[in-house]
Amino acid sequence: MAINWFKYSAPSTFYGLAGKMIPWFAIPSVVLFAVGLYIGFFVAPVDAVQGEAYRIIFIHVPASILSMFLYLVMAGYAALGLIFNTRLSSMMATALAPTGAMFAFISLWTGALWGKPMWGAWWVWDARLTSELILLFLYFGFIALHASIDDPRRADRAAALLAIVGSVNVPIIYFSVKWWNTLHQGSTIKFTGTSMHVAMQEAMFITLLACWFYAVAMALIRVRSIILERERNNLWVSELKEVNS
Amino acid sequence: MSVVEFFNMGGYAFYVWGSYGVTLLAFVIEILMVRHKRKITLQQVRLMREAGEEA
């Protein structure tokens, strides 16, 4: 079966495909959130050490993972756009940035609300927290730099460089709990298995999936607007039925 | 477990619901923003096209 992968690298064809894909990500996201949080709040037992407060984990860990993962995906798309000069890759990078920034914010916010009762402090300048804050600022920098340059192709290239250079921060966040002596606990999920109760693990993996589906849906909706904005002088845009209605 | 006990979260209600509440708020704001952007972009494209037809 021969699939022409390059067909969908054209913004005009991807616009339609993205529109069809949105419900396939948005609906599973809602269902997975409902199932994951049900297990997290009603099936998973109380934590022996942290009591009920640990239930913040079902949003804190998925949001943190997504904030790092989305950054790498964004930097990857930005790099593809820079190397192969593909417009759609750069548009995808731009579409992912706000969602990534939002997950970084949720990670820090829920972390503060978890830190206060467990450590006695909303915020400490330790390696894990500081590098996650830098990640949020990298997202802001990417968005601001892209918005500050009028020519979209030049904006793509400048922002791509920032994204690529900034990606060194992601492994720093991930390994910070090993490299430095921090207040933050070690990784909950390790390659060698986890120490968590099965229901806790299930709830966390399901909400992680839910966050992933949510992020893809948001990026697809956003990239469609970006495509329209940047391709508006092309004939195919003026022939769209949503433009003519 | 009673409803009151559930919402009390063993005394950690502020921290647990503060986390989930703000997360929900962030999701709702983002969804409204992407929908608004779509609406505005479509309006702009329509205006551009009408201006082009008149010229």
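Residues numbered from 1 in each chain as written. Chains lettered and ligands numbered in written order. Predicted model: local features only at pLDDT ≥ 70, side-chain atom pairs only at ≥ 80, totals over all residues. Heavy atoms only, no water.

Colleague: Got a minute to help me understand the packing of aromatic side chains in this structure?
Modeller: The way to describe two aromatic rings as a pair is by their centre distance and the angle between their planes. Applying the stated criterion across every chain, the model contains 25 aromatic pairs over all chains. Seen from their ring centres, Phe41(A) and Phe6(B) are 5.9 Å apart, and the 70 degrees between their planes marks the pair as edge-to-face. You can see Phe41(A) sitting in helix α1 (residues 11-43) and its partner Phe6(B) sitting in helix α1 (residues 3-8), one on each of two chains. Across the pair, exposure class does not vary: Phe41(A) and Phe6(B) are buried alike. Their ring planes at 15 degrees and their centres at 5.3 Å tell us that Phe41(A) and Trp17(B) sit as a pair that is stacked. Linking Phe41(A) in helix α1 with Trp17(B) in helix α2 (residues 13-54), this pair reaches from one chain into another. Aromatic ring contacts, followed pair by pair, group Tyr38(A), Phe41(A), Phe42(A), Phe6(B), Phe7(B), Trp17(B) and Tyr20(B) into a single cluster. The side chain of Arg224(A) reaches across the aromatic face of Tyr15(A), ending 4.2 Å from its centre. (Phe/Tyr/Trp six-rings, centres within 6.5 Å; stacked < 30°, edge-to-face > 60°. Helix = DSSP H or I, 4+ residues; strand = E, 2+ residues; numbered from the N terminus. Buried < 20%, exposed > 50% of the residue type's maximum accessible area, 1.4 Å probe, protein only. Lys NZ or Arg CZ within 6 Å of the ring centre and 35° of its normal.)

Colleague: Looking at this structure, I do not really get the interface of chain B and chain A. What am I missing?
Modeller: For interface size, the figure often reported is the accessible area lost on association. Taken together, the contact between chain B and chain A spans 28 residues of the former and 42 residues of the latter. Summed over both sides, the interface between chain B and chain A buries roughly 3,200 Å², with carbon and sulfur atoms accounting for 72% of that surface. Viewed at the interface, chain A and chain B are joined by 11 residue pairs in polar contact (both at pLDDT 80 or more). If one sorts the elements of the side of chain B that touches chain A by residue count, α2(B) sits on top with 23 residues. For the side of chain B that touches chain A, the per-class residue count stands at 17 nonpolar, 6 polar and 5 charged. (Contact = heavy atoms within 4.5 Å. Buried area = accessible area lost by both parts, 1.4 Å probe. Polar contact = N/O pair within 3.5 Å; in protein donor to acceptor, adjacent residues only side chain to side chain. Nonpolar A, V, L, I, M, F, W, Y, C, P; charged D, E, K, R; others polar.)

Colleague: Would you explain the environment of Met118(A) in this entry?
Modeller: Within the secondary structure, Met118(A) is located in helix α3 (residues 87-119). The class of Met118(A) is partly exposed, set by a relative accessible area of 28%. Here the alpha-carbon distance between Met118(A) and Gly51(A), two residues 67 residues apart in the chain, equals 10 Å. Not counting residues up to four positions away in its chain, the partners in contact with Met118(A) are Gln50(A), Ala53(A) and Tyr12(B).

Colleague: What am I meant to see in the side chain of Ser67(A) here?
Modeller: Residue and element names in this part refer to chain A. Relative to the helices and strands, Ser67 resides in helix α2 (residues 57-84). Here Ser67 falls in the buried class, since its relative accessible area comes to 0%. Excluding anything up to four places from it in sequence, Ser67 contacts Gly100, Phe103, Ala104, Glu132, Leu135 and Tyr139.

Colleague: Is there a simple way to think about the confidence of the model for chain B in this case?
Modeller: When pLDDT is low, close inspection of the predicted coordinates is not appropriate. On average, residues of chain B carry a pLDDT of 91, and 95% of them reach 70 or more. For this predicted complex, the interface score ipTM comes out at 0.92, alongside a pTM of 0.93. (pLDDT = per-residue confidence, 0-100.)

Colleague: Whenever I open this one, helix α6 (residues 169-179) of chain A confuses me. Can you help?
Modeller: Because an α-helix packs 3.6 residues into every turn, residues spaced three or four apart end up facing the same way. Residues and elements named next belong to chain A. Taken as a whole, α6 has its buried residues at Asn169, Val170, Ile173, Ser176 and Val177. Seen end-on, α6 carries its buried residues on one side only, within an arc spanning 140 degrees. Along α6, exposed side chains directed more than 90 degrees from the buried face belong to Lys178 and Trp179. The inward-facing, buried residues of α6 contact α2, α4 (127-148) and α5 (152-166). (Arc of directions from axis to C-beta.)

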